[in-house]
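Remarks on the overall topology
Listed here are the chains, written in short residue letters.
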Number of protein chains: 2
Amino acid sequence: MVVRRAEVFRDKQGITLFTGHPVAHIDRSAKVVGGKSLEGKPFEAPYDKLLIATGANPVLPEIPGIDLPGVMRLKTLEDGRRIKAMIAAQKIEKVVILGMGYIALEMCEALRALDLEVAMVKPGPRFLPWLREELAERVREEVITRGVAVHAGHRVERIETVGDGLQVVCEGLTLESEIVLVGIGVTPNSDLAGAAGVALGVSGSVAVDRRLQTSDPDIYAAGDCADAYHVVTGRKTWIPLALRANRAGWAVADNVCGQAVELPGVAGTAVFRVFDMEVARTGLTPQEAEKEGFEPAEKMIKTSSRAHAHPGSSPIYVSLVGDKKTGRLLGAQMVGREGVAHRINAPAVALHARMTVEDFSQTDLSYAPPFGPTWDPCLTAANQLLKVL
Amino acid sequence: MVVRRAEVFRDKQGITLFTGHPVAHIDRSAKVVGGKSLEGKPFEAPYDKLLIATGANPVLPEIPGIDLPGVMRLKTLEDGRRIKAMIAAQKIEKVVILGMGYIALEMCEALRALDLEVAMVKPGPRFLPWLREELAERVREEVITRGVAVHAGHRVERIETVGDGLQVVCEGLTLESEIVLVGIGVTPNSDLAGAAGVALGVSGSVAVDRRLQTSDPDIYAAGDCADAYHVVTGRKTWIPLALRANRAGWAVADNVCGQAVELPGVAGTAVFRVFDMEVARTGLTPQEAEKEGFEPAEKMIKTSSRAHAHPGSSPIYVSLVGDKKTGRLLGAQMVGREGVAHRINAPAVALHARMTVEDFSQTDLSYAPPFGPTWDPCLTAANQLLKVL
């Protein structure tokens, strides 16, 4: 997200900024990028060092009707404004969202706040499949309780115009609405890099080393278009999230300016809120851990968000994953109405430090009655996990 | 806190429980403890292994009037009930609290909720002196805004009866009230251990090794009466807090039963809430770090508790301490209206892992707009601290 206006870059920072100039090709031998401006003028720009920061594109399902007016994607600030304007201008009552990831879920909360009818649909049978089932179920309950229709396990076949509105025809289900929002994920926007012969990595993202250098030493890549090392596996992964994108941008600047900076990588720490539920994860799921050659054991605990005697408590669920072979902590997941968003950072730091579950279980975490039980839920989960490692 | 009743210990767990039997002496050569029961009967109990879990005692200032009715300490559940009953039974309007630690602060919040007039007084000039001054000032403002009179820098000389009430005569100040609460701290209750020749350690607490064994291999100590290793310094410290006490109790049980358990120690992680302010710390202050032979540098940052564009944000202050010689992270402090209590656990885990500030600055912490900026405040503070290390 560019939070500075173009003029600031131009006038205050002395950066020559070509907006409206989509790059169409990278000539690596001549060290030049070029294309045609939105006004139709061909342009070229030479480089000593090049940064590819092309981000990610929303995935659009290849179904009939995906181009109909009223079918909108969730990606840019402009997309958001367009959706907002349409809701304000027309008599919108019903919205269908394709997808149930956290962007889709955050969107459904915003739409329910406007009192719109919201239905979500996706082909896979499991809601938030990367979450342990009991945890995912808590989130699903919350979403349903807030009046959202959740239709998992229905492949979308086509979108059609019906009267003034649209209908989404799915396997075994047809949903009517005035707007259809597409939030089924993103893919790295690496076409330009790929076409120039820059090596691509996980999920088609641009492969970079710890200095964000691509296979071409004069070309760097950062942000949602680039891959990263996973601190748990040491192997490449593609987890497009804001902190890594931002951090990688800074690191490229340092490296280009001759100050060698290496980024250790990501732990895959993520959090979102949907209605009153906080959902967080870091590290690997048991399935991911198994694929990576670990021998995972998992333990879930349910406890209270506040101390026994403190009013206003709500359930909090913590699940930890450890490796039976080495005892290492591999991942964590949490769901609850409070105390989840920052609590995930304790296991995240432990993953960076390659701590064992036992070492993590011995950490001195904070306690006060309004904020948790004497034993932080992470510690209780670690103690339980130790018994099965 | 015993959350099980005596009958459960007796009937369900087969533990012979002598309540009302204060131990007066430990005979280490005969391996017997003894004393006189509250009913006046002498008793003795032999042991193979002994656990000293005598806790801590509130510090009572040696001033005239400290024994007057209406002067009450803040220690046991019974103390709390007594205070509550007195407020309910009599027409109490004003309370003076001696001390300004977090127990005193939590108490003043509870009393303000009952709409009582509250004044706090202490001899030292600085409010929360272990907190960096800008942070302490935020908390002091909050307490004052909530109608509490804060009198730091006034030595208490005596307490006197005046009419139906009391007056607390301080240097340069006299405060009237119906109740005086004493919350100026605790000391380890180690008299029994000391008298038996068991070695005492920091602040007069019972010295224990990582297995909670005292200088006598048949005697263990755990809880607020015992010391602990500090994970940052590797040296002994006395920080009486609930998690360590609880954890030490379990570890003694394991060790007594032949399952060798070593506790690495404490990081001094603590959190409390006073009114709408959360205050947390872990590790060393710059002053403590200097005393321990480190060469500390400190950096404080102020940022927002939520993302730029997210409504409901409030300021959050984070201060980190690092060692110039080794680059190690040594401590952290935070103050804010939200997002402090669990956020402190990330640096706490980093202290256990003996991370450098640089390593910590590279951790993958969670981000979502309702919960913080893209760069977690801990990371922003770490980045700033790196510049002065």
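Note that this is a predicted model, so its numbers are computed, not measured. (Residues numbered from 1 in each chain as written. Chains lettered and ligands numbered in written order. Predicted model: local features only at pLDDT ≥ 70, side-chain atom pairs only at ≥ 80, totals over all residues. Heavy atoms only, no water.)

**A few points about the side chain of A:Ser205**
Residues and elements named next belong to chain A. Test applied: Helix numbering and strand numbering both begin at the N terminus, where a helix is a DSSP run of H or I of at least 4 residues and a strand a DSSP run of E of at least 2. Burial here depends on accessible area, computed with a 1.4 Å probe over protein chains only, as a share of the maximum for the residue type. Under 20% is buried, over 50% is exposed, and the range in between is partly exposed. In the analysis that follows, any N or O atom pair within 3.5 Å is treated as a polar contact, provided that within protein one partner can donate a hydrogen and the other can accept it, and provided that, for residues neighboring in sequence, both atoms belong to side chains. Residues count as neighbours in contact if any of their non-hydrogen atoms are within 4.5 Å of one another.
Looking at where serine 205 falls in the secondary structure, it is placed in the loop between helix 5 (191-195) and strand 15 (219-221). The buried category is assigned to serine 205, whose relative accessible area is 0%. Here the side chain of serine 205 touches valine 202 through a polar contact of 2.6 Å, landing on its backbone oxygen. In contact with serine 205, not counting residues within four places along its chain, are Pro188, Ser190, Leu200, Cys225, Ala226, Asp227 and Trp238.

**Looking at the side chain of B:Asp364**
For the record, the criterion: In this tally, Lys and Arg are treated as positive and Asp and Glu as negative; His is ignored, and so are the chain termini. In the sections that follow, a salt bridge refers to a side-chain nitrogen of Lys or Arg positioned within 4 Å of a carboxyl oxygen of Asp or Glu.
Tracing the chain through its elements places B:Asp364 in the loop between helix 9 (357-361) and helix 10 (377-388). One buried charged residue, B:Asp364, forms no salt bridge at all, with the nearest opposite charge on A:Arg247 at 4.9 Å. A polar atom in the side chain of B:Asp364 sits 2.9 Å from the backbone nitrogen of A:Gly268. Discounting chain neighbours no more than four positions away, the residues touching B:Asp364 are A:Leu243, A:Arg247, A:Val266, A:Ala267, A:Gly268, A:Thr269, A:Ala348 and A:His352.

**Quick word on the sheet that holds strand 10 (residues 156-162) of chain A**
All names here are of chain A. The criterion, for reference: When DSSP finds two or more bridges between two strands, those strands count as paired. The axes are straight lines fitted to the C-alpha atoms, using for helices just the contacting stretch, and the angles between their N-to-C directions are given from 0 to 180°.
With antiparallel pairing, the 3 strands of this open sheet are ordered in space as 10-11-12. Two strands close off the open sheet at either side, each with one partner strand: strand 10 and strand 12 (173-177). Each adjacent strand pair in this sheet contributes to an overall mean axis angle of 20 degrees, direction not counted. Where strand 10 meets strand 11 (residues 165-170), 6 bridges bridge the pair, whose relative direction is antiparallel. When the sheet's bridge partners are listed, glutamate 160 is paired in strand 11 with glutamine 167.

**Some details on the environment of B:Glu160**
Residues and elements named next belong to chain B. As for its position among the elements, glutamate 160 is in strand 10 (residues 156-162). On the basis of relative accessibility, which here comes to 24%, the residue glutamate 160 falls in the partly exposed class. On a C-alpha basis, the gap between glutamate 160 and valine 232 in space is 45 Å, while along the polypeptide they are 72 residues apart. The contacts of glutamate 160, once residues within four sequence positions are left out, are Leu68, Gly165, Leu166, Gln167 and Val169. Within the local environment of glutamate 160, its side chain forms a polar contact with the side chain of arginine 158, the two groups lying 2.5 Å apart.

**Considering the pattern of salt bridges**
Enumeration over the complete set of coordinates arrives at 52 salt bridges over all chains. Here A:Glu78 and A:Arg81 are joined by a salt bridge, their closest N and O atoms 3.7 Å apart. In this pair, A:Glu78 and A:Arg81 are both assigned in helix 2 (residues 77-89), 3 residues apart and thus about one turn of the helix distant. The salt bridge involving B:Arg5 is made with B:Glu7; its shortest N-O contact spans 3.2 Å.

**So, the domain arrangement of chain A**
Accessible area lost upon the coming together of the parts serves often as the stated size of an interface. Residues and elements named next belong to chain A. For clarity, the cut-off: The split into domains, and so the bounds of each, comes from an automatic or database assignment of domains. Once two parts are brought into contact, the accessible area they lose, counted with a 1.4 Å probe and summed over both, makes up the buried area.
Under the domain assignment, chain A is made up of domain 1 (16-55 + 188-256), domain 2 (71-186) and domain 3 (270-386). Its C-alpha centre places domain 2 at a distance of 30 Å from the equivalent point of domain 3. If you look at the interface, domain 2 gives 18 residues, while domain 3 gives 18 residues. When domain 2 packs against domain 3, close to 1800 Å² is buried across both sides, 70% of that on carbon and sulfur atoms. Our enumeration of links across domain 2 and domain 3 arrives at 4 salt bridges. Between arginine 132 and glutamate 298 there is a salt bridge; the shortest N-O distance is 3.2 Å.

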